[in-house]
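Residue-level structural notes
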Amino acid sequence: MPRPILATIHPAAFRHNLERVRRAAPDARVWAVVKANAYGHGIERVFDGMRSADGFALLDLAEAQRVRDLGWRGPILLLEGVFEQRDLELCSRLDLWHTVHCNEQIDMLATHKTNVPQRVFLKMNVGMNRLGFMPERYRAAWTRLNALPQVDEISLMCHFSDADGPRGVAQQMAVFAAASRDLPGERSLSNSAAILRHTVDPAQAALHPEALVVSDWVRPGIVLYGSAPDYPEHSAADWALQPTMTLAAKIIATQALDTRASVGYGSSFVADKPMRIGVVACGYADGYPRICPTGTPVLVDGVPTRTVGRVSMDMITVDLTPVPQAGVGSTATLWGRAANGTVLPIDDVAVCAQTVGYELMCGLALRVPVEVAA
Ligand SMILES: *Cc1c(COP(=O)(O)O)cnc(C)c1O
């Protein structure tokens, strides 16, 4: 018997979430962002649910190879561009489009030997201060690229630092608009939060001059995986997103606690009344964060309850008070959808771990078996 823990990937949820993006940005083409092994889901497992995307965006050249191996002939974009000269040969061989964010990458292109010019996305640094050319250097970078025989079409791109928060995108959009004015080429600006929060109805465009900077290509990641980019201001349900990953494990033991009995390492939880607890076959070695305190939400047989005591390497203990019929063999849903349809949003667990849904998905451990739902 394998250990009774399973992650389930839901292809129908990808189709639903992708539709959701298309409704929010009806005129844009969609890069499905599948970096970090499709946010921990597995590129091969999400591919079918995402094949109606217009392209795939990622950073790792080995992942680009995997997308081509799946038979994808459409666009693939390297979000950080190439890391060394010989990566350009792979770009030529696999027909990859790549981001250019620094002069060193232009130097590499200038000495790249190819008969087939490459499509590049020139990145502007509009305030995040990680990658990209400063606005006042942007035009010079464009001019230099445009003169290279190795370069075909140049698209223009930026990445917002505050699309999910109160600062918003207007100021960074204005920087982008001013520094790219009159430059030809398609634009790509928006991540998930910008798509959901800052897409302006074309009828209202006159009231929102910044919206004149349209995104020809949007770059959703986290929305496709059914987590809210701006939790807790909005939940996944508020945005009508569906979870794409369920993590569930069985109860392998139960205990009856007397008043003042404690649970787990450090005896951090002490019962204030007699209660039953269940021991779940999932721990931090599976990717369930150890920092989750007593009270972190969990479903048992689809009924909401809470964790009690410390998370250990292979086990979690849960309060069975709301589910008296549960016992050994019952299913605990750590996040995602239970068999009765009840959803525990990954964001509700992430917030208890002082992090975001992104990190929990990406942190699913290799030892957890994964199944793709029908
Ligand atoms: C990861 C990434 C995205 C997707 O971000 P989400 O918040 O997951 O939508 C978009 N653009 C770039 C450049 C990225 O690196």
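A brief report on the enclosed structure follows. Source: prediction; values computed, not measured.

1. Topic: the site of the ligand
As a structural note, the neighbourhood of the ligand is formed by Val 33, Lys 35, Tyr 39, Leu 79, His 159, Asn 191, Ser 192, Arg 219, Pro 220, Gly 221, Ile 222 and Tyr 358. Within the side chain of Tyr 39, a nitrogen or oxygen atom sits 2.6 Å from an oxygen atom of the ligand. Within the side chain of Arg 219, a nitrogen or oxygen atom sits 2.9 Å from a nitrogen atom of the ligand. Protein burial of the ligand: of its 390 Å² of free accessible surface, 91% is covered by the chains. Here the residues of the shell around the ligand sort into six nonpolar, four polar and two charged.

2. So, unusual backbone geometry
Cis geometry is adopted by the peptide bond preceding Pro 232, which originates at Tyr 231 and carries an omega value of 5°. Along the chain, the position of Pro 232 falls in the loop between strand 9 (217–218) and strand 10 (245–257). Positioned with a positive phi, Asn 37 is a non-glycine residue whose angle comes to about 55°. Structurally, the position occupied by Asn 37 is in helix 2 (residues 35–39). Its identity is not glycine, yet Asp 95 carries a phi of approximately 55°, on the positive side.

3. Observations concerning the pattern of salt bridges
A complete count under the given rule lists 15 salt bridges for this structure. In this structure, Glu 84 engages Arg 86 in a salt bridge whose closest nitrogen and oxygen atoms are separated by 3.3 Å. For Glu 84, a relative accessible area of 37% translates into the label partly exposed. Across the pair Asp 286 and Arg 367 runs a salt bridge whose closest N-O atoms are separated by 2.7 Å. With Asp 286 in the loop between strand 13 (275–280) and strand 14 (297–300) and Arg 367 in the loop between helix 11 (357–362) and strand 19 (370–372), this pair connects stretches of sequence that are 81 residues apart. The exposure class of Arg 367 is partly exposed, given its relative accessible area of 37%. Put simply, Arg 3, Asp 286, Asp 314 and Arg 367 are held in one network by salt bridges that share partners.

Conventions used here
- Residues numbered from 1 in each chain as written.
- Predicted model: local features only at pLDDT ≥ 70, side-chain atom pairs only at ≥ 80, totals over all residues.
- Heavy atoms only, no water.
- Near = heavy atom within 4 Å.
- Polar contact = N/O pair within 3.5 Å; in protein donor to acceptor, adjacent residues only side chain to side chain.
- Areas by Shrake-Rupley, 256 points an atom, 1.4 Å probe, with all protein chains shown as cover.
- Nonpolar A, V, L, I, M, F, W, Y, C, P; charged D, E, K, R; others polar.
- Helix = DSSP H or I, 4+ residues; strand = E, 2+ residues; numbered from the N terminus.
- Salt bridge = Lys/Arg side-chain N within 4 Å of Asp/Glu carboxyl O.
- Buried < 20%, exposed > 50% of the residue type's maximum accessible area, 1.4 Å probe, protein only.

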